[in-house]
Amino acid sequence: MLRRAWPSLVRACTGVGADETVMVVAHDAVNRVLLCRVLGLPLERVWTFRQAPTSLNALSGTDPNALQLVRLNDSEHIAPLFQEAVHRAV
């Protein structure tokens, strides 16, 4: 999955200026492998952090190979609904 997802992210970032934003919408598994790459984690760690449905991950930087994680698994925008669903599911 990383072999397909990473080049796609790099292509999406190509030509983007420092004051511009790229938004990527993907499934949690794609997010996880991309985050492992950004954080320098081996893919064996892909399940060691949460990716809630509709969560936001924010990355910053001008070079895809030197991105910085700014926000991970932020689901504040749906917190009341999601927290309720998680509690029922547990």
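This section reports on the structure supplied with the text. Small disclaimer: the values here were computed from a predicted structure and weren't measured. (Residues numbered from 1 in each chain as written. Predicted model: local features only at pLDDT ≥ 70, side-chain atom pairs only at ≥ 80, totals over all residues. Heavy atoms only, no water.)

Approximately 950 Å³ is the volume found for the largest pocket. Val 22, Met 23, Val 24, Asn 57 and Leu 59 are the residues nearest the centre of the largest pocket, which is lined by 33 residues in total. Elements that contribute at least two residues to the lining of the largest pocket include exactly α1 (2–13), α2 (28–39) and β1 (56–60). Ranked by residue count, the leading element in the lining of the largest pocket is β1, at 5 residues. (1 Å grid on protein atoms, 1.4 Å probe; cavity = no way out; pocket = protein on both sides within 12 Å on 5 of 7 lines; lining within 4 Å. Points joined across faces, edges and corners; volume = space filled by probe spheres on them. Helix = DSSP H or I, 4+ residues; strand = E, 2+ residues; numbered from the N terminus.)

Turning next to α2. End to end, α2 covers 16 Å across 12 residues, agreeing with the expected 16 Å (1.5 Å per residue, within 8%). Regarding α2, the residues found buried are Asn 31, Arg 32, Val 33, Leu 34, Leu 35, Cys 36 and Val 38. Contacts from the buried residues of α2 go to α1, β1 and β2 (68–74). (Expected span 1.5 Å × (residues − 1). Buried < 20%, exposed > 50% of the residue type's maximum accessible area, 1.4 Å probe, protein only. Contact = heavy atoms within 4.5 Å.)

Let's shift gears to the pattern of salt bridges. Throughout the structure, instances matching the rule amount to 2 salt bridges. With a shortest N-O distance of 3.5 Å, Asp 28 and Arg 32 are connected by a salt bridge. With Asp 28 and Arg 32 both in helix α2 and 4 residues apart, this pair spans about one turn of that helix. We classify Asp 28 as partly exposed; its relative accessible area is 33%. (Salt bridge = Lys/Arg side-chain N within 4 Å of Asp/Glu carboxyl O.)

The next point concerns the packing of aromatic side chains. Counted by the stated rule, this structure contains 0 aromatic pairs. Arg 32 extends its terminal NZ or CZ atom over the ring of Phe 49, reaching a point 5.7 Å from the ring centre. The ring centre of Trp 6 lies 4.2 Å from the NZ or CZ of Arg 37, which sits over that ring. (Phe/Tyr/Trp six-rings, centres within 6.5 Å; stacked < 30°, edge-to-face > 60°. Lys NZ or Arg CZ within 6 Å of the ring centre and 35° of its normal.)

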